[in-house]
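Tertiary structure, described
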Amino acid sequence: MSRTALAVPFFFGDAKTRARPRIAGGWRGFSRVRAMVAALLWLGGAMPAWADAPAAPAHEAPGAGHPAQSGPASTPDLSALTAQLAAATSRAAAADLEARLERARRHALSPTTRLLQRGAMAHLADGKALGAVEDLDDALVLQPDVAILWRDRAQARLAARDLTGAIADLGVALQRDGQDAVAWRLLSAVEEQRGDWQAAERAWQRVMALDPMVDGGRANGERLHLKAFGRPT
């Protein structure tokens, strides 16, 4: 594996809040999902009713004088955030918008899916890529319509050296959310691992169009162009 592939960052959530749920017995597919749902139901009152609600701003107490939000008003505006990212003029501004877009793309995840996604993150941190793939298989059983879960599984498959599976998952992710700069960035890394430099360079061009201030953006674009076409831009 090249140094470039090893440099591909993990994009699952916030590393400071990693949880490590464990599911005993090596269950697979629907049985694992049913076991997770049963565990959540058994917890009952321990699961707060606002588990799926967006967090209140740090300076406000939850529910302090604010009516509960629901429907479109509570859904993050991906188009507006994407436009702001494309217009960002500093790395600091871009980094803030990248984080906000990640939160927005995970907004629709249910509590059970979040547990599975965090389990996948913990498995990747432990070097257990196949365990991460299994967790994300189960997450996709629950919410196959959420594009970011397909991107997450592509990342786990890349870590498991399953380049064909990673490409397939990224195809679904980008079909559902073609404005996801992180998915294009991951696709560029996978294509580089496959040795398809032109495809890697094309994917990186999409990254730069969506996130011009991405860390190392221009330098990586020039490197890929040189690999793909043998001459500098």
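Residues numbered from 1 in each chain as written. Predicted model: local features only at pLDDT ≥ 70, side-chain atom pairs only at ≥ 80, totals over all residues. Heavy atoms only, no water.

With that out of the way, let us pick up the pattern of salt bridges. Within the structure shown, the criterion is met by 15 salt bridges. Arg157 is the salt-bridge partner of Asp169, the closest N and O atoms lying 3.2 Å from each other. Linking Asp169 in helix α8 (residues 163–176) with Arg157 in helix α7 (residues 147–159), this pair joins segments that are 12 residues apart in sequence. Glu192 is the salt-bridge partner of Arg223, the closest N and O atoms lying 2.9 Å from each other. You can see Arg223 sitting in helix α11 (residues 217–229) and its partner Glu192 sitting in helix α9 (residues 181–194), a full 31 residues away along the chain. (Salt bridge = Lys/Arg side-chain N within 4 Å of Asp/Glu carboxyl O. Helix = DSSP H or I, 4+ residues; strand = E, 2+ residues; numbered from the N terminus.)

A few words on helix α10 (residues 197–210). Taking 1.5 Å of rise per residue, 14 residues should cover 20 Å, and α10 covers 20 Å from first to last C-alpha, within 8% of that figure. Among all positions of α10, only Ala199, Ala200, Glu201, Ala203, Trp204, Val207 and Leu210 are buried. Each element contacted by the buried residues of α10 is listed here: α3 (78–86), α9 and α11. (Expected span 1.5 Å × (residues − 1). Buried < 20%, exposed > 50% of the residue type's maximum accessible area, 1.4 Å probe, protein only. Contact = heavy atoms within 4.5 Å.)

As a further point, take the packing of aromatic side chains. Taken as a whole and assessed by the stated rule, the structure comprises zero aromatic pairs. The ring of Trp197 is capped by Lys227, whose NZ or CZ atom sits 5.2 Å from the centre of that ring. (Phe/Tyr/Trp six-rings, centres within 6.5 Å; stacked < 30°, edge-to-face > 60°. Lys NZ or Arg CZ within 6 Å of the ring centre and 35° of its normal.)

Attention shifts here to the confidence of the model for the chain. A low pLDDT score tells you not to read the predicted coordinates there in detail. Taken over all residues, the pLDDT of the chain has a mean of 78, while the share at 70 or more is 67%. Mean pLDDT per element in the chain: helix α1 (residues 3–6) is the minimum at 40, and α8 is the maximum at 98. Within the model, pLDDT remains below 50 along residues 14–31, and this stretch shows 24 contacts once partners closer than five positions in the same chain are excluded. Within the model, the stretch residues 37–73 combines pLDDT values under 50 with 14 contacts to residues more than four positions away or in other chains. (pLDDT = per-residue confidence, 0-100.)

To continue, consider the packing of α7 against α9. Two elements in contact, α7 and α9, have axes separated by 11 Å at closest approach and are oriented at 25°. With respect to their mutual orientation, α7 and α9 come out roughly parallel. α7 and α9 meet at a crossing whose hand is left-handed. Counted together, Arg151, Ala154, Gln155 and Leu158 of α7 and Val182, Ala183, Leu186, Val190 and Gln193 of α9 form the full contact between these two elements. Grouping the amino acids of the contact of α7 with α9 by side-chain chemistry returns six nonpolar, two polar and one charged. (Axes fitted to C-alpha atoms, helices over the stretch in contact; angles between N-to-C directions. Parallel < 35°, antiparallel > 145°, perpendicular 65-115°, else oblique. Left-handed = near helix turned anticlockwise from the far one by under 90°. Nonpolar A, V, L, I, M, F, W, Y, C, P; charged D, E, K, R; others polar.)

Attention now moves to the environment of Gly217. Mapped onto the fold, Gly217 is located in helix α11. Taking the C-alpha atoms as reference, Gly217 lies 8.2 Å from Val207; in sequence the two are 10 residues apart. Leaving out residues up to four positions away in the same chain, Gly217 has contacts with Trp204 and Met208.

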